[in-house]
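Single-letter residue listing:
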Amino acid sequence: MKKNTIMIYGINTLYEAIKSKIKIYKIYLNKKNNKNNKNNKNNKNKKIKKIIKYSKKNNISLNEIINFKKIEKKNHQGVFAIIDHIQLLKIENIIPMIYNSGKIPLLIILDSITDVRNFGSIVRTSACTGVDAIIMATKNSVTINSDSIKTSSGGIFKIPICKEKNIIKIIRYLKSFGIQVIAVTEKTDNICYKFNYKNPTAFILGSEEKGISKKYLSLCNNTVKLPLIKNSLTSLNVSVACGAILYETIRQRLIES
């Protein structure tokens, strides 16, 4: 592959890449599957037809092959492509744009999230709930690769990803713009439903092994937790917790507004 390119796979992932207008260099289709499904009118094959049409219209190299050996264990659905790398952004450039658009900022900060599936699920949910950006540290964070893009179901093309060297500095920066920083952690007595998320908000989520760093917790405006039934498990999967707190935010902003 060319330098600064990345391979993606899966129909929805490629379809979202096309809609995002990211640079696509090559598309590969499974010749056997494409032949068998040519007359099939289901949603999957409608997208395949749109992918083929897009490649022809934009002069993108389209290759029909039989053997997907390199990714045979992946859920590729008979499709993969070579695209431009995912551009990482700076949150300092994004915050003014959010305010200028008239939107109330909604951000996610990830502390030491290294699991690809958790990250992908968080990105997907964030894209569905209107999160403006996801922020994480340059070190000890998940790599943006084929698997993390796939698990986001193409959501990564819809939401800015910011990798920052100094998260403490970023938390202070966000607070200076009137954004409340709230840690979602089981190590608190504050039930999440008692707080107001209609104001500009950034949620911090930590890894399931270590939780949120104490140095980050000390800077937060509040800490909240999702309630658990007595004698149940002691914690939630981080991506599930992320989804729950984001949908409580959407409930407040859309239904209670």
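Residues numbered from 1 in each chain as written. Predicted model: local features only at pLDDT ≥ 70, side-chain atom pairs only at ≥ 80, totals over all residues. Heavy atoms only, no water.

K.L.:
Can you lay out unusual backbone geometry for me, pointing to particular residues and giving the numbers?
P.N.:
Its identity is not glycine, yet Lys21 carries a phi of approximately 70 degrees, on the positive side. By secondary structure assignment, the location of Lys21 is in the loop between α1 (11-20) and β2 (24-30). We classify Lys21 as exposed; its relative accessible area is 71%. The backbone phi angle of Ser112 is positive, close to 60 degrees, even though this residue is not glycine. Structurally, the position occupied by Ser112 is in the loop between β5 (106-111) and α5 (116-128). (Helix = DSSP H or I, 4+ residues; strand = E, 2+ residues; numbered from the N terminus. Buried < 20%, exposed > 50% of the residue type's maximum accessible area, 1.4 Å probe, protein only.)

K.L.:
Which residues make up the sheet that holds β2, and what values go with them?
P.N.:
Here four strands make up an open sheet; going across it, the order is β1-β4-β2-β3 and the pairing mixed. Bordering the open sheet on either side are β1 (5-9) and β3 (61-65), each of which pairs with just one other strand. Averaged over all pairs of adjacent strands, the angle between their axes in this sheet comes to 20 degrees, without regard to strand direction. With five bridges joining them, β1 and strand β4 (residues 79-84) adopt antiparallel strand pairing. Directly across from Tyr9, in β4, lies its bridge partner Phe80. (Pairing = 2+ DSSP bridges. Axes fitted to C-alpha atoms, helices over the stretch in contact; angles between N-to-C directions.)

K.L.:
An account of α5 is requested, with residue identities and associated values reported.
P.N.:
Taking 1.5 Å of rise per residue, 13 residues should cover 18 Å, and α5 covers 18 Å from first to last C-alpha, within 8% of that figure. Looking only at α5, the buried set comprises Asn118, Phe119, Gly120, Ile122, Val123, Thr125 and Ser126. Each element contacted by the buried residues of α5 is listed here: β5, β6 (133-137), α6 (146-151), β7 (161-164) and α9 (238-255). The opening residue of α5 is Asp115, an N-cap whose side-chain oxygen sits 3.1 Å from the backbone nitrogen of Arg117. Directly after α5, the chain includes Gly130, whose backbone phi takes a positive value near 80 degrees. (Expected span 1.5 Å × (residues − 1). Contact = heavy atoms within 4.5 Å. Polar contact = N/O pair within 3.5 Å; in protein donor to acceptor, adjacent residues only side chain to side chain.)

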